[in-house]
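A structural walkthrough
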Amino acid sequence: MEIISTAKEMQQRSDQFRQQGKTIAFVPTMGYLHEGHLALMREGKEQGDKLIISIFVNPTQFGPAEDYEQYPRDMQRDLKLAQKVGVDCVFTPSAQELYPDGFQTAVEVEGVTQNLCGISRPGHFRGVTTIVAKLFNIVKPHIALFGQKDYQQLVAIKRMVDDLNIDTEIIGIPTVRERDGLAMSSRNAYLSPKKRKEAAKLYRSLRKGEELFRQGEKNTTTILNTVRGGIEETKPEKIDYIKICDAHTLEDIEEIKDDAIIAIAVQIGKTRLIDNIILKEV
Ligand code: AMP
């Protein structure tokens, strides 16, 4: 497994892969890898000839009061896990490498980043789409894999790729969960054992909402009341949002007529957790 830390070197390596006729699959991450990341990598390994991942805690997607400094990091452990999955190259740039002095460009997707996390994390998606656009220009992937856990991020990246004619296929991967249903996240490491137990109720609440939908309920207020009831049992420090949105536009809806998503962001202890469930007619 190669470890590459400069953009130039990564670009040259990717050019070589392409010249050899290899399909490049790419999984961008912020590291502190867990089974969710590994599921993306395994699928990337299936779909591409060469698997490249990046490990980079991107400063521009964190707000000034957020956890950039505290974000968990363990490069040695991550590299071992990546090697086990069969990653070909790990791109591990420094912040200075990607944002040198004088950097002054951003990529901003408009509509789909306005609601949900866009309200409480101003500038977050601008940071995400800018770094992903940069990484795509460095890694030159044919396909890139993203988790549905960060559903709004996935939609924003698909939008960016369509709007900017980026020649990379975006693949969404279902959320990987702990045995009790909690969506895997690097930030789960912040939870105390007591809060960790409470956190499992988030997914159970989403499931209750999904169940109502399956029984024929289409009114979102009714479904949201049920979900909210379950979430309030966890005595969260803060409920940022509990919403049902159109799965494509991410606008709030009153009646479910098409693909929709129940999305939540809740602070448990000091940890802000997000999760969602996709509602599709089957
Ligand atoms: P992160 O390191 O948190 O930026 O995540 C890197 C990628 O892994 C993103 O595409 C995430 O959506 C994805 N991811 C994170 N957690 C999960 C999970 N539990 N299941 C599936 N994908 C995930």
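To be clear, the structure that these remarks concern was listed above.
Quick summary incoming for the structure in this document. (Residues numbered from 1 in each chain as written. Predicted model: local features only at pLDDT ≥ 70, side-chain atom pairs only at ≥ 80, totals over all residues. Heavy atoms only, no water.)

If you walk across this open sheet you meet the three strands as 7-8-9, and the pairing is antiparallel. Here the strands that pair on one side only, and so sit at the sheet edges, are strand 7 (238–246) and strand 9 (271–279). With strand direction ignored, the average angle separating the axes of adjacent strands in the sheet is 10°. As paired strands, strand 7 and strand 8 (residues 260–268) are joined by eight bridges and run antiparallel to one another. What sits directly across from Asp246, in strand 8, is Ala260. Against the sheet, helix 8 (residues 193–214) contacts strand 8 and strand 9, and its axis sits at roughly 20° relative to strand 9. Strands in contact with helix 9 (residues 220–232) are strand 7 and strand 8; relative to strand 7, the strand with the most contacts, it is inclined by about 150°. (Pairing = 2+ DSSP bridges. Helix = DSSP H or I, 4+ residues; strand = E, 2+ residues; numbered from the N terminus. Axes fitted to C-alpha atoms, helices over the stretch in contact; angles between N-to-C directions. Contact = heavy atoms within 4.5 Å.)

It is worth spelling out the layout of surface pockets at this point. A volume near 300 Å³ is recorded for the second largest pocket. Lining the second largest pocket are 15 residues, and of these Tyr151, Val155, Lys158, Ala247 and His248 lie nearest its centre. Counting residues per element, the lining of the second largest pocket draws most heavily on helix 7 (residues 151–163), at six residues. Of the residues that constitute the lining of the second largest pocket, the class distribution is six nonpolar, four polar and five charged. (1 Å grid on protein atoms, 1.4 Å probe; cavity = no way out; pocket = protein on both sides within 12 Å on 5 of 7 lines; lining within 4 Å. Points joined across faces, edges and corners; volume = space filled by probe spheres on them. Nonpolar A, V, L, I, M, F, W, Y, C, P; charged D, E, K, R; others polar.)

What follows deals with the site of the ligand. Around the ligand, a shell composed of 16 residues is seen, among which Met30, His37, Asp150, Val176 and Met184 lie nearest. One of the side-chain nitrogen or oxygen atoms of His37 is found 2.9 Å away from an oxygen atom of the ligand. For the ligand, a nitrogen atom lies 2.8 Å from a polar atom in the backbone of Val176. Protein burial of the ligand: of its 480 Å² of free accessible surface, 93% is covered by the chains. The greatest single-element share of the shell around the ligand, amounting to three residues, is contributed by helix 2 (residues 35–47). For the shell around the ligand, the per-class residue count stands at eight nonpolar, seven polar and one charged. (Near = heavy atom within 4 Å. Polar contact = N/O pair within 3.5 Å; in protein donor to acceptor, adjacent residues only side chain to side chain. Areas by Shrake-Rupley, 256 points an atom, 1.4 Å probe, with all protein chains shown as cover.)

Once that is clear, we can look at the packing of aromatic side chains. In this description, a pair of aromatic rings is defined by centroid distance and the angle of the planes. Under the definition given, this model contains six aromatic pairs. Judged by centre distance (6.3 Å) and plane angle (70°), the ring pair of Phe26 and Phe136 falls under edge-to-face. In this pair, Phe26 is assigned in strand 2 (residues 24–29) and Phe136 in helix 6 (residues 124–139), connecting sequence segments 110 residues apart. A relative accessible area of 0% places Phe26 in the buried class. Overall, Phe136 belongs to the buried group, its relative accessible area being 4%. Relative to Tyr99, the ring of Phe56 lies with its centre 6.4 Å away and its plane at 35°, an arrangement referred to as tilted. With Phe56 in the loop between strand 3 (50–55) and helix 3 (75–85) and Tyr99 in the loop between helix 4 (95–98) and helix 5 (117–120), the pair connects residues that are 43 residues apart, well separated along the chain. We classify Phe56 as buried; its relative accessible area is 6%. (Phe/Tyr/Trp six-rings, centres within 6.5 Å; stacked < 30°, edge-to-face > 60°. Buried < 20%, exposed > 50% of the residue type's maximum accessible area, 1.4 Å probe, protein only.)

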